[in-house]
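Chain and residue survey
Spelled out from the first residue to the last, the chains are:
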Amino acid sequence: MDLKARHMILYRGSLKSCNYRCNYCPFSKHPRSERELLRDREQWFRFCASIRKRAVDMGIGAVMVAPYGEALIHSWYWEGLGCLASVETIDGVGAQTNLSFPVRQCMETYEKAGGTAETLRLWATFHPEMATAEEFSEKCTDLWKRGVSLCVGAVGDVGNLEAVRELRHRLPKEIYLWINKMDGLKRAYTGKEIRQFEGIDPYFSRELEMTAADLSACKGRLFVEADGTLRRCNISRPLRENWYDLEKKGFPGQIWETEGKEGSCGRKSCSCYLAYGGRDEVMNRVIFGPYSLFRIPTRPKAAFLDIDKTLILQGEGRVGHRTVTDLQALAADGCRLFFATCLPLRDAKKKCRDVWQLFEGGVFAGGAHVVFGREGERREHIFSIESKWIEELKIRSRDCHFRMLVYREGKEGAVYKITLVRPGPMGWSRQDVRDLGMSGGGESGSMRGIWDMGGDQVRWYAQDGCLQIVNWRASKEEGVRMICEGLGISPEEAVAAGDSPEDREMMELCSP
């Protein structure tokens, strides 16, 4: 569930040259003519003007340059990025770069054009054959101290392992160093090599797993080329529309959607980070934030994750292997993991047995049962329901045709949730809720509300065909707030993810 439109656009100009001379790269061998550079400059500024004109209407939150070759040695890219950074809806601008530009001079150009260091995001690639770990890390540290967000990466060439290790040692620990798998290796990495690279990049396993292409996961992002050719990502087939033709039409909002529009992207798999890293998937957002293509981890201190349709995808019976490895890496990176689910604790444990040991408790039963802490220091709170509600619902069940499930803490413990189940596929409608005699109505467009009976209140919400009833104070938001307070952190230092109206408040609470 997106709390606001945070769309991201990648841009690739006609530039096909680089100042580095890596022997494997075709762009290092392409001569730069003044005519080509002038054409690239004009195309880039045309694109920037179109973004400035429509960014607010289109809900564009970030722009990243993904060039062939090296773009940031040219001043016009810094001017354009600074200009885009000044747009009110844009949270981040950046580029892939070998970091060979003069920092002070380029930052002055960027800031003079309207940019701020806090808005700049750099994806910096280390080339051991062209730069030493010492000089590269010094430039990274300079940018980081100026307030620029950046990630640093290198190709997973086993022959360069020691140079990359040295770079990791020299970089501030706050800067993430990622490893791309080496396409030219022509063999699988050994177990030892994988462990060595995972010691540098906790998310290296993401590079080794094949991600099947799925166009429905690509909404909210676009890849624009110099002539206006549009793609969903850098490796997908072109869309029928052209960016500049759409500009004349005012960029209809559905351009961000993918369902029923384009058929297939033309690929069997998402074979690089710019493809799989930009997919609209929970773990991408949890690890890398709303603009995951910058590849800069947000490093939350805690994560609160729903189970059904979030950790366990629809139609699957358990947490997928990719999600398991992501959670392991997230925990290894210092994030404390918690569930935030409408399931009772015992049902959550059964469904998530593969990852249960990674979590420190969570918010269960829609907020009615809050548990956190490791064994020996566990804290627990139950928001209970008065037993009179059970008797009242038994009476009403005869006319309203539902089955009642009562959840207690222990066999004779306090009641913390009541579930009303309708037979077959009937589920619950707003009229059914009114027939049951519930007061409070519910929010516009959602099936939630407060039921007041003689001054005593409970909270109700409909989910997956069932009507759930909990203490009026119980919610995922309140549970997340309690755990954050117990951990001594602010909710803004945490991240929350889910897919239903029950998740909205906790996601807003954790939004920076």
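Residues numbered from 1 in each chain as written. Predicted model: local features only at pLDDT ≥ 70, side-chain atom pairs only at ≥ 80, totals over all residues. Heavy atoms only, no water.

Here's the deal with unusual backbone geometry
- Residues other than glycine seldom take positive phi values, yet Leu-99 does so here, at roughly 70 degrees.
- Relative to the assigned elements, Leu-99 resides in the loop between strand S5 (92-97) and helix H3 (103-112).
- Residue classification places Leu-99 among the buried residues on the basis of a relative accessible area of 2%.
- With a phi angle near 60 degrees, Lys-186 is a residue other than glycine that sits in the positive phi range.
- Mapped onto the fold, Lys-186 is located in the loop between strand S8 (177-180) and helix H6 (191-198).
- Among the residues examined, Lys-186 registers a relative accessible area of 79% and is labelled exposed. (Helix = DSSP H or I, 4+ residues; strand = E, 2+ residues; numbered from the N terminus. Buried < 20%, exposed > 50% of the residue type's maximum accessible area, 1.4 Å probe, protein only.)

Considerations on helix H15 (residues 476-487)
- Over its twelve residues, H15 extends 16 Å from the first C-alpha to the last, a length consistent with the 16 Å expected when each residue adds 1.5 Å.
- Lys-476, Gly-479, Val-480, Ile-483, Cys-484 and Leu-487 are the residues of H15 that are buried. For H15, the angular spread of buried residues about the axis comes to 135 degrees, placing them on one side.
- Of the surrounding elements, those touching the buried residues of H15 are strand S11 (302-305), strand S12 (336-340), strand S13 (359-364), strand S14 (369-372), strand S21 (494-497) and helix H16 (501-509). (Expected span 1.5 Å × (residues − 1). Arc of directions from axis to C-beta. Contact = heavy atoms within 4.5 Å.)

Concerning the sheet that holds S8
- Spatial ordering of the open sheet is given by S8-S7-S6-S5-S3-S1-S9-S10, a layout of eight strands whose pairing is mixed. Pairing within the sheet leaves two strands with one partner each, and these edge strands are S8 and strand S10 (230-231).
- Of the pairings in the sheet, the one linking strand S3 (residues 60-65) to S5 comprises four bridges and is parallel in character. When the bridges of S5 are listed, Val-63 appears paired with Val-93. (Pairing = 2+ DSSP bridges.)

What about the packing of aromatic side chains?
- Counted according to the given criterion, the structure contains 27 aromatic pairs.
- On the numbers, 4.9 Å between centres and 70 degrees between planes, the contact of Trp-78 with Phe-101 is edge-to-face. Taken together, the positions of Trp-78 in helix H2 (residues 75-85) and Phe-101 in the loop between S5 and H3 put the pair 23 residues apart, joining distant regions of the chain.
- Among the residues examined, Trp-78 registers a relative accessible area of 0% and is labelled buried.
- Between Phe-126 and Phe-136, the aromatic rings sit 5.2 Å apart at their centres with planes inclined by 50 degrees, giving tilted as the arrangement. Of this pair, Phe-126 sits in the loop between strand S6 (120-125) and helix H4 (133-145) while Phe-136 sits in helix H4; the two residues are ten residues apart in sequence, bridging distant segments of the chain. (Phe/Tyr/Trp six-rings, centres within 6.5 Å; stacked < 30°, edge-to-face > 60°.)

Side note on the packing of helix H1 (residues 34-58) against H2
- For the pair H1 and H2, interaxial distance at closest approach is 10 Å and the crossing angle is 0 degrees. In terms of orientation, H1 lies roughly parallel with respect to H2. Listed contacts from H2 to Leu-37, Asp-40, Arg-41, Trp-44, Phe-45, Cys-48, Ile-51 and Arg-52 of H1 are Trp-76, Tyr-77, Glu-79, Gly-80, Leu-81, Cys-83 and Leu-84.
- Here the residues of the contact of H1 with H2 sort into ten nonpolar, one polar and four charged. (Axes fitted to C-alpha atoms, helices over the stretch in contact; angles between N-to-C directions. Parallel < 35°, antiparallel > 145°, perpendicular 65-115°, else oblique. Nonpolar A, V, L, I, M, F, W, Y, C, P; charged D, E, K, R; others polar.)

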